[in-house]
Amino acid sequence: MQRRTFLTGVAVALAPFAARATPEALTAAIKEVTGDAPLREGKVTLDVPPLVENGNTVPLSVSVESPMTSDDYVKAIHVFNEKNPQPHVFNAWLSPANGRAVVATRIKLADAQKVVAIAETSKGEFWAAHAEVIVTIAACVEDIT
Amino acid sequence: MANILVNAPKTAKKGEIVEIKALIMHVMETGFRPGTNGRIIPRNIIEDFTATWNGRGIFRMKMSPAIAANPFVSFSAVASESGTIALRWTGDEGFAAEHRVDITVT
């Protein structure tokens, strides 16, 4: 067997196992939130460690530059990932009553991948930040034992 | 029923921004993992987290299976008036939990 034939065979055999959120699913999930509005980089700070040992619990915090007054505030913060089984991580809704547009939580990451945070302002603007995270022990995939 | 840990200041000055941290014990089973018998373990997650200040909604979060087990959430709020901050979690299999903390605003 030729090396090329063999490699193609391996690629075809492995393809069915790629049942995960893909960059396309990520784009689609983001589109669902932003609609046709332009998505710009900036204003959002996504704080997540670049190298994670355990993907089962990854600290993540999102903060957005905003005065948080009644005529200019962050309405929502959405977080997405690229390679977990689903692209959604969380949606959080805020108001001027929060004073600061900051949300922190802990998430699961199934693989080394990109994480995207999007802030939706009361003026209908969308700001984004992304981070690449390397995960050594993945979440979700192993069984309980 | 559920073990809950909430960290919020007991007193605050009016207009001050306070940080509220909440942790709840929950498996957050994703619904994507096979168990020891090879079958997929059904999804069991907390889907919704809300916070109210004297009944007024101040924060809401929709969670997905990608939130780590024993969900931790931290957010901030402007101390407007003395009263009660109520935190509610709801999710799969009829899960519902509530925790209240009192805050005095001077």
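Bear in mind the structure is a predicted one, so any value in this text is a computation, not a measurement. (Residues numbered from 1 in each chain as written. Chains lettered and ligands numbered in written order. Predicted model: local features only at pLDDT ≥ 70, side-chain atom pairs only at ≥ 80, totals over all residues.)

Colleague: Any details on the sheet that holds strand 3 (residues 17-24) of chain B? Residues and values, ideally.
Modeller: Pairing in this open sheet of six strands is antiparallel, and the strands run 2(A)-4(A)-7(A)-6(B)-3(B)-1(B) from one edge to the other. The open sheet is flanked by strand 2 (44-47) of chain A together with strand 1 (4-7) of chain B, the only strands paired with a single partner. Taken pair by pair, the neighbouring strands of this sheet meet at an average axis angle of 15°, ignoring direction. Where strand 3 of chain B meets strand 6 (residues 72-78) of chain B, seven bridges bridge the pair, whose relative direction is antiparallel. Looking at strand 6 of chain B, one finds that B:Val18 is bridged to B:Ala77. (Pairing = 2+ DSSP bridges. Helix = DSSP H or I, 4+ residues; strand = E, 2+ residues; numbered from the N terminus. Axes fitted to C-alpha atoms, helices over the stretch in contact; angles between N-to-C directions.)

Colleague: Outline the nonpolar core, listing residues and values.
Modeller: In this structure, A:Ile77 and A:Ala117 are the most contacted members of the largest nonpolar core, which totals 62 residues. Setting aside chain neighbours within four positions, we find A:Ile77 in contact with A:Val62, A:Val64, A:Ala92, A:Leu94, A:Ala101, A:Val103, A:Ala117 and A:Ala119. (Core = buried A, V, L, I, M, F, W, Y, C linked by C-beta atoms within 7 Å. Buried ≥ 20, exposed ≤ 12 C-beta atoms within 10 Å, placed from the backbone. Contact = placed C-beta atoms within 7 Å.)

Colleague: Can you break down the interface of chain A and chain B residue by residue, with the values?
Modeller: It is common to report an interface's size as the accessible area lost on association of the parts. Taken together, the contact pairs 29 residues of chain A with 26 residues of chain B. Secondary-structure elements contributing two or more residues to the side of chain A that touches chain B are strand 6 (88-93) and strand 7 (101-107) of chain A. Both strand 6 of chain A and strand 5 (residues 56-63) of chain B contribute to a ladder of four bridges, which runs antiparallel. Counterpart to A:Trp93 in the pairing with strand 5 of chain B is B:Arg60.

Colleague: Break down the environment of B:Lys62 for me, with residues and values.
Modeller: If you trace the backbone, B:Lys62 turns up in strand 5. Separated by twelve residues in the primary sequence, B:Lys62 and B:Thr50 place their C-alpha atoms 8.8 Å from one another.

Colleague: Quick one: what's the story with the pairing of strand 9 (residues 126-137) of chain A, residue by residue and with numbers?
Modeller: Residue and element names in this part refer to chain A. Here strand 1 (residues 39-41) pairs with strand 9 via three bridges, running parallel. If you follow Arg-40 over to strand 9, its bridge partner there is Trp-127. Two strands pair when backbone bridges link them, and strand 3 (residues 51-54) and strand 9 are joined in this way by three bridges, in the parallel orientation. Note on strand 9: the bridge partner recorded for Asn-54 is Ile-137. Examined bridge by bridge, strand 8 (residues 113-121) and strand 9 share eight bridges and lie antiparallel to one another. The residue bridging Glu-120 from the neighbouring strand is Phe-126, located in strand 9. Taking the residues between adjacent antiparallel strands as the criterion, strand 8 and strand 9 are bridged by four residues, where Gly-124 takes a positive phi near 85°.

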